[in-house]
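# Survey of secondary and tertiary structure
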Amino acid sequence: MKKELPKAYEPSLYEDGIYEKWEESGFFNPDKLTGEPYSIMMPPPNVTGVLHLGHALENTLMDVMARYQRMNGRKVLLLPGTDHAAVATQAKVEKLLVEQGSKNPRQELGREGLLERIREYADASKATILSQIRKMGTSCDWSRLAYTFDEARSKAVNEVFVKMHNDGLIYRGYRVVNWSVKGQSTCSDDELVHVERPAKLYTFRYSKDFPIAIATTRPETKLGDTAVAVNPNHAEYKKYVGEIYTVDIGAAKPLEIRIIADEAVDPNFGTGALGVTPAHSAVDFEMYEKQKAKGEPIGLVQVIGQDGRMTAEAGAAYQGLTVEEAREKFVGWLKDNGLLLKEEEASQNVGTSDRFGDVVEALPMTQWFVAVNKKIPGKDKTLKELMHEAVTSGHNGDPEQKITITPERFQKIYRNWIDNLRDWCISRQVWWGHRIPVWYDKKLDKEIYVTKNIAGEGGIYVETKPPKGDSWIQDEDTLDTWFSSGLWTFSTLGWPDGINDLKTFHPTSWMQMGYEILFFWMARMILMTTYTLDQIPFRDVYIHGMLRDELGKKFSKSSGNNVDPLDVIKEYGTDALRFSLVSGIAPGNDSRFYGEKAEGARNMVNKLWNIYRFAISNFPPSPKQEIKNEECTVSDLWLLGEMRRLIAGVTQDLNGYNFSQAGEKLREFTWNKLADWYLEVSKFEKAGKKPEILSKILEDLLKLWHPFMPFVTETINREMGENDLLMIQRWPDEKFYKDISSRDGSVPNFELIQQIITAIRNARTEHKIEPSKKIKALIYAGGEKELVESQAGLIKNLRTGIGDLEIKEKGEGLGQAIFLAVGGIEIYLLGAKDETKERSRIEKEIARLEKLIAANEIKLANEEFVAKAPAAVVGKEKEKINAWREEMSKLKAQLTNQ
RNA sequence: GCGCGCUUAGCUCAGUUGGUUAGAGCGUUGCGUUUACAUCGCAAAUGUCGGGGGUUCGAGCCCCUCAGCGCGCACCA
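A few points on the structure. (Residues numbered from 1 in each chain as written. Chains lettered and ligands numbered in written order. Predicted model: local features only at pLDDT ≥ 70, side-chain atom pairs only at ≥ 80, totals over all residues. Heavy atoms only, no water.)

Where helix α2 (residues 53-71) contacts helix α16 (residues 574-582), the axes come no closer than 9 Å and their chain directions differ by 95°. Put simply, α2 runs roughly perpendicular to α16. Along the contact surface, α2 presents L53, A56, L57, T60, L61, D63, V64 and R67, while α16 presents L577, R578, L581 and V582. Partitioned by chemical class, the residues of the contact of α2 with α16 number eight nonpolar, one polar and three charged. (Axes fitted to C-alpha atoms, helices over the stretch in contact; angles between N-to-C directions. Helix = DSSP H or I, 4+ residues; strand = E, 2+ residues; numbered from the N terminus. Parallel < 35°, antiparallel > 145°, perpendicular 65-115°, else oblique. Contact = heavy atoms within 4.5 Å. Nonpolar A, V, L, I, M, F, W, Y, C, P; charged D, E, K, R; others polar.)

What follows is the structure in structure tokens.
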């Protein structure tokens, strides 16, 4: 016998050592594995901080799949990485610097200086993240560790940028974009967080004689109005269409307002007309473009600048004011001049910057865009269409290249998003990120490359590497972080240089992510990969929900409810954390995390530990012997059959990504079947081949648990004297159990024995029989006499307190005994009866059966049910009712007997 | 405004093509210290599956509708 194991599993004693063993083995690296490739790319955590519970969940999900597939004999690659998270990281570091007293980090440190500070922060954060991933037990291939901002990934970024530019899919354009004044950068439409806030809706006229009143929540922008749009069918207003009015409302120059027609204007909303501000509204800018195309151009007057203050064009009275100040002033002016018609409370939806938090201004600027509605050369398809077909017909219409999304409903959400997708603004003015691989001829006036679209006009150089000579200057801007993460499934596999990994592992097998980055990330990966590689990035996507605290609130720094996974690990162990995270979750649904959950999982881990502790000391490993069906006891066969079902069930659940259900099945088997019954049986039943059976079951059970609880299972495996790592053992096969568990094609009914035992225990409790008091039992087992007799030892010993047991086929009822009916079996407990309790117990039981029988009678009396339901269903119902009737008649007889 | 999700035991949640008496964990109640485990054991209680309607032999599951909560999208000025 080996050394005595501690009573309770102590995770901290083993976890680090086990992880080292795994790493040393080299099996995290697929190069050391054979079989069909299976690949998962880890969604790279942002280097903005440390991992939170959401990451812990992701690591668990991925690692469960990776370990499961590895045990299935697949050549598994789980590739780890981190994301430089451009804006997010810069915003974070700038915030820290400001907290440390810096007024304007960009100005004070300069580009290189600030980048250095961000790099330091990112490196520290990255190191923490990677060590956290290890602590989670994640079996990823560290030799392939990637970073969105490292050399290989940057190269891929440049390649794709240039390719798209050459295909005309990336262009430089002047248009209204979202501008964060605080962050001094653009952001994409998806990065806006819309918030509802109260606002005032003002209705006014530009001048006394202007024929149409308009309404607005942003009066200060009206200083830049150049048109009024009306519905072309508006009874009153349509006659004005085409007219141009010159009005002076205080802007630098009098405004020329053209009345234009636009179908989108709702004649019944507000005043039925819309003041058009092309410089400060994306929608109005589209009208501006439309008018230009029509040859009836309207002006574009930018009254708000990049600093968030009014420009010179807004007029001397407003220049330099903030928008709020200007608003107040302009409304005052309207009032003073009798032009304000109405002022009412309204609510307004404003876009705020996800990362900087300020309200985003719409400003016209020259930026880089990805054209999603333009045909790809040689493809006759747009990027949008590529994104669409990947989840519907399959890429290029090939069903083999179709992405499956779990749960299904997210497919609809994704398609809906694509339909509303506009060109993607990819240039950012933050410094932390991939510098746009575009150079301009220094000889050009700087003004030209800053403000004008000069593509195709010479003087611009778009290549993956800088041009020769020093007459070039690189574009100041960096790329949206999602541009690089969009390449993640293949930039991590060596593209464009090495293609071996790419060939082996792409498209990747499985991807998991939270629904909150469905558009940001999944959509961009599909776009980038189908375009660049002509392949889908992954076959299956699993969408998980968000973790919330026990009150259902989001975890966040600001609400102070953040939980550090490492703290949970310290208290309960990694396996407990992992198991608690996947317990009770459903795809796409949010779930809550709280201490009791981890505690419950910890208890499960400990239970497992003690099961093996018991087995090791009571059933020392013996040379493997063949187990024959005839040598098995009834309980052996029962457990073997249950094990067979467990293997089949867990395998099926994992194949279908039903992590929670797989875990539940394992818990049920391990605790309620193996520990509560079989091990208890094994303390009394010494016949047969218990050691061999137990050893086989425990060996396989350890494997089934391993994906969920890698540390404790690997530890037990070692404690049992195994030298080979559990991690690479083969996933259990149900065949062995299938062959052995049935006797003559049927399985002895051990559950009946369990029911008898439970019924006796129940009766003892109800009759308040002292636990130590032995009682006598008489069983009329009818056709089951042989079975019950064979299990007499168990019936006496498994906490039933029966001293004397007699089993007959049938006989007279005993009025003076406690009576139990289990199926067709009659049980009499003698010597401790409580008359009143017995009577009420039996009456209750009869009432329960009567209800069941009544409901069933109605069902069976229904001719349609009998005629239309499958015969098997009807047959079952008949069997049921017969059994209940038999049981009830016995109970009734007992009642009259008393 | 459009769309999506949720509503199942006191709490947190599972429930995969509609078919036994709807489940788990935690909590609660009673009993227990039987040497693997008190991070334990045994026994038990608790549900008109949000309301209403429909389809069906049969609905927690499908359809319609209403309500509450949450979320996403959206150019209603």
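Moving on to the side chain of H280. Locating H280 in the fold gives a position in the loop between β12 (273-276) and α6 (282-294). Polar contacts involving the side chain of H280 include one to the main-chain amide nitrogen of V303, which spans 3.0 Å. Within the local environment of H280, its side chain forms a polar contact with the backbone nitrogen of I304, the two atoms lying 3.2 Å apart. (Polar contact = N/O pair within 3.5 Å; in protein donor to acceptor, adjacent residues only side chain to side chain.)

The next subject is the packing of aromatic side chains. Counted according to the given criterion, the structure contains 40 aromatic pairs. Across from the ring centre of Y531, 5.0 Å away, lies the NZ or CZ of K163, which sits over that ring. (Phe/Tyr/Trp six-rings, centres within 6.5 Å; stacked < 30°, edge-to-face > 60°. Lys NZ or Arg CZ within 6 Å of the ring centre and 35° of its normal.)

The next subject is unusual backbone geometry. Here the amide bond leading from T406 into P407 is cis, since omega sits at -5°, within 30 degrees of zero. Here P407 is to be found in the loop between β15 (404-406) and α9 (409-419). With an omega dihedral of 5°, the bond running from W495 to P496 counts as a cis peptide bond. A positive phi angle, near 55°, is found at N396, a position not held by glycine. Relative to the elements of secondary structure, N396 occurs in the loop between α8 (383-389) and β15. A positive phi is found at Y657, a non-glycine position, where the angle reads about 60°. On the accessibility criterion, Y657 (9% relative accessible area) is buried. (Buried < 20%, exposed > 50% of the residue type's maximum accessible area, 1.4 Å probe, protein only.)

Further remarks concern the environment of F614. Tracing the chain through its elements places F614 in helix α17 (residues 595-618). Between the alpha carbons of F614 and L5 there is a distance of 9.7 Å; along the sequence they are 609 residues apart. Leave out the neighbours within four places in its chain, and F614 touches F619, L679, S682 and K683.

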